[in-house]
Amino acid sequence: MVVTLAVVVDGATEGGLEAGARQVLAHVRPHWLLHTLHFKRYTSGVTNTLVGVWCHAEAEQVLVRVYGNNTHLFIDRQQEIHTMQVVQEAGCGPKVFAAFTNGLCYAFTPGEPLTFRDVTREAVWRAVTLRAASFHKIQIDDKQEAMLFPKLRQFLALLPDSFTDAKTQTRVEESGCTKQQLLQLTEELETHLVPLACPVVFCHNDLVMRNIIWDEHTAAATFIDYEYAGPNYQPFDIANHFNEYSGMEKPDFSLCPSPETQRTWLRSYLAEYSGVPAEQVSPHQVEVWRGWVTKFTLASHLFWSVWAFLQACHSSIDFDYIEYGIVRLAEYNSRKKEVFDLVLLPLTTSSSSTSSSTSTLVSSSTSSSTTDSSSTNTHLVEK
């Protein structure tokens, strides 16, 4: 049971953040001298405000996270605490020390948030595949209904029919991002993805670079921030991570992993998830998963586009959520036809097809039998 302190931390100002953190630390670390505390503000988040606090050595710091404005409307904070406890018990995350009225205090994870350059290093991405596989095997509860479309509908229900700022509303309308258009896209995508019957597991659902901590000393990756974690389609978590190679400030989707990089990543992941050597993961299995992941790249774009428009209505963080939502939806629309046209082979196959070239395992329904399947396949999956 995590204790909840009757403390409200003002995350809008440096003074308020430090004063509130001292109140929290008086309970969590009562032996620390409050006048000797050191503070380190972490600024990469676009949902919450985060500060690290320590007394003597920075390595002993604890984190104080102040929830973003009105995020309780679409994030179940009690469920988040439960999730953090389960993840910590599974050896995959930090310990929660206390909750307070508008935030959490929990253990610091040693290491550094991944950068877009780091994640392309083999030691790093392999560590990420191992952590993802471990994470996806966590049993958090008996509910295994995928949260993707229920959560999207929750976001959309909270989204206003129009923005009060006329300039913002014009940007949204001109970009085809109105609430009604987003609802239609959600229904269409649900009809397309649900019949795939992809496995549902416990997912992180927000594997951006800053939520993956790389420890150079142990060569291990750890996932942090579980606000959106829960049961979801397994390929969604992977697709979302691949999309996040593009960055947030000015997304560049050409940075997303190439088909061959995806194959190598998936082989490492599937070997760890299945508990077998990598050479026992068949090319067919890898390609089927790559097809699923490709399909769910659309779900990732739509999910974070809707999230961004909702954040624009509430967040006090200095970030252009509207532009981010527009960019993600534009990528969705640019890829929609080719992804919808993908025809996926079944996971089970005959021995003869298992030994065939991986380039033939995902194809376009519009391709003729004489089309070069290798070039078609690359075109369909590359960003």
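Whatever comes next refers back to the structure up there.
Keep in mind that what you see is a predicted model, and the values were worked out from it rather than measured. (Residues numbered from 1 in each chain as written. Predicted model: local features only at pLDDT ≥ 70, side-chain atom pairs only at ≥ 80, totals over all residues. Heavy atoms only, no water.)

Caption draft 1: The overall build of the chain, seen in detail. Within the chain one finds 12 helices and 13 strands. Within the span of the chain, comprising 383 residues, buried residues form 53% of the whole. Here the analysis covers contacts within the chain between residues at least 6 apart in sequence; of these, 70% occur between residues at least 24 apart. Accessible surface for the chain amounts to roughly 16,800 Å². Of this, 52% is attributable to carbon and sulfur atoms. (Helix = DSSP H or I, 4+ residues; strand = E, 2+ residues; numbered from the N terminus. Buried < 20%, exposed > 50% of the residue type's maximum accessible area, 1.4 Å probe, protein only. Contact = heavy atoms within 4.5 Å. Areas by Shrake-Rupley, 256 points an atom, 1.4 Å probe, with all protein chains shown as cover.)

Caption draft 2: Expanded view of unusual backbone geometry. The phi torsion at asparagine 70 lies on the positive side, around 60 degrees, for a residue other than glycine. Structurally, asparagine 70 can be placed in the loop between β4 (62-66) and α2 (77-89). Positioned with a positive phi, aspartate 225 is a non-glycine residue whose angle comes to about 60 degrees. Topologically, aspartate 225 is positioned in the loop between β10 (220-223) and β11 (230-233).

Caption draft 3: The packing of aromatic side chains, seen in detail. On inspection of all chains with the given rule, the structure shows 19 aromatic pairs. A centroid spacing of 5.6 Å and a plane angle of 85 degrees characterise the contact between phenylalanine 74 and phenylalanine 155, whose relative ring orientation is edge-to-face. Of this pair, phenylalanine 74 sits in the loop between β4 and α2 while phenylalanine 155 is found in helix α4 (residues 148-158), placing the two residues 81 residues apart along the sequence. By relative accessible area, phenylalanine 155 is classed as buried at 0%. Ring centres of phenylalanine 135 and phenylalanine 202 lie 5.0 Å apart, and the angle between their planes is 20 degrees; on these two criteria the pair is classed as stacked. On the criterion of sequence distance, the pair formed by phenylalanine 135 in helix α3 (residues 122-136) and phenylalanine 202 in strand β8 (residues 200-203) is long-range, its members being 67 residues apart. (Phe/Tyr/Trp six-rings, centres within 6.5 Å; stacked < 30°, edge-to-face > 60°.)

Caption draft 4: How the structure looks around the environment of aspartate 237. Within the secondary structure, aspartate 237 is located in helix α7 (residues 234-243). Looking at aspartate 237, the relative accessible area reads 1%, which means it is buried. C-alpha of aspartate 237 to C-alpha of histidine 204: the two residues are 33 residues apart in sequence and 6.7 Å apart in space. Setting aside its immediate chain neighbours within four residues, aspartate 237 contacts His136, Cys203, His204, Asn205, Asp206 and Leu207. A polar contact is formed between the side chain of aspartate 237 and the backbone nitrogen of histidine 204, at a distance of 2.9 Å. (Polar contact = N/O pair within 3.5 Å; in protein donor to acceptor, adjacent residues only side chain to side chain.)

Caption draft 5: Geometry of the environment of glutamine 311. Tracing the sequence through the fold places glutamine 311 in helix α9 (residues 283-314). Separated by 10 residues in the primary sequence, glutamine 311 and tyrosine 321 have C-alpha atoms spaced 6.6 Å apart.

Caption draft 6: Spotlight on the pattern of salt bridges. Throughout the structure, instances matching the rule amount to 20 salt bridges. The salt bridge partner of glutamate 287 is arginine 290, with a shortest N-O separation of 2.4 Å. Of this pair, glutamate 287 and arginine 290 both sit in helix α9, 3 residues apart, which is roughly one turn of the helix. Its relative accessible area of 0% is what places glutamate 287 among the buried residues. Residue arginine 290 is classed as buried on the basis of its relative accessible area, which comes to 0%. Linking aspartate 341 and lysine 337 is a salt bridge whose minimum nitrogen-to-oxygen distance equals 2.7 Å. Judged by relative accessible area, which is 17%, aspartate 341 ranks as buried. Look at lysine 337 and you get exposed, because its relative accessible area is 60%. (Salt bridge = Lys/Arg side-chain N within 4 Å of Asp/Glu carboxyl O.)

Caption draft 7: Seen up close, the nonpolar core. Leu148, Leu189, Trp265, Phe296, Leu302, Trp307 and Phe309 are the most contacted members of the largest nonpolar core, which has 93 residues in total. Top contributing element to this core by residue count: α9, with 16 residues. Among residues more than four places away in sequence, those in contact with leucine 189 are Phe149, Leu298, Ala299, Leu302, Tyr332 and Phe340. Counting residues in hydrophobic clusters, the runner-up holds 19 residues, among them Leu5, Val7, Leu37 and Val62. (Core = buried A, V, L, I, M, F, W, Y, C linked by side-chain atoms within 4.5 Å.)

Caption draft 8: How the structure looks around the sheet that holds strand β9 (residues 212-215). If you walk across this open sheet you meet the 3 strands as β7-β9-β10, and the pairing is antiparallel. Across the chains shown, the open sheet's two edge strands, defined by having one partner strand only, are β7 (112-113) and β10. As defined by bridge partners, β9 adjoins β10 across 4 bridges and the pair is classed as antiparallel. Within the sheet, the bridge partner assigned to aspartate 215 lies in β10 and is alanine 220. Sheet strands in contact with α3 are β9 and β10, and its direction is about 45 degrees off that of β10. (Pairing = 2+ DSSP bridges. Axes fitted to C-alpha atoms, helices over the stretch in contact; angles between N-to-C directions.)

Caption draft 9: View of α9. Between the first and last C-alpha of α9 there are 46 Å, a value that for 32 residues agrees with the 46 Å anticipated at 1.5 Å per step. In α9, a bend of some 25 degrees at lysine 295 exceeds every other bend along the element. (Expected span 1.5 Å × (residues − 1). Bend = angle between axes of the 7 residues up to and from the residue.)

Caption draft 10: Spatial organisation of the packing of α7 against helix α8 (residues 259-274). Where α7 meets α8, the axes come as close as 13 Å, and the angle between the chain directions of the two elements is 140 degrees. It follows from the interaxial angle that α7 and α8 lie oblique. Between α7 and α8 the crossing geometry is right-handed. Of α8, the residues touching α7 (which contributes Gln234, Ile238, His241 and Phe242) are Gln262, Trp265, Leu266, Tyr269 and Tyr273. (Parallel < 35°, antiparallel > 145°, perpendicular 65-115°, else oblique. Left-handed = near helix turned anticlockwise from the far one by under 90°.)

Caption draft 11: Layout of helix α6 (residues 179-193). With 15 residues, α6 ought to run about 21 Å at 1.5 Å a step, and its terminal C-alpha atoms sit 21 Å apart, in line with that. Those residues of α6 lying buried are Lys179, Leu182, Leu185, Thr186, Leu189 and Leu193. Down the axis of α6, the buried set is contained in an arc of 120 degrees. They therefore lie on one face. Those residues of α6 that are buried lie in contact with α4, α9 and α10 (321-340). (Arc of directions from axis to C-beta.)

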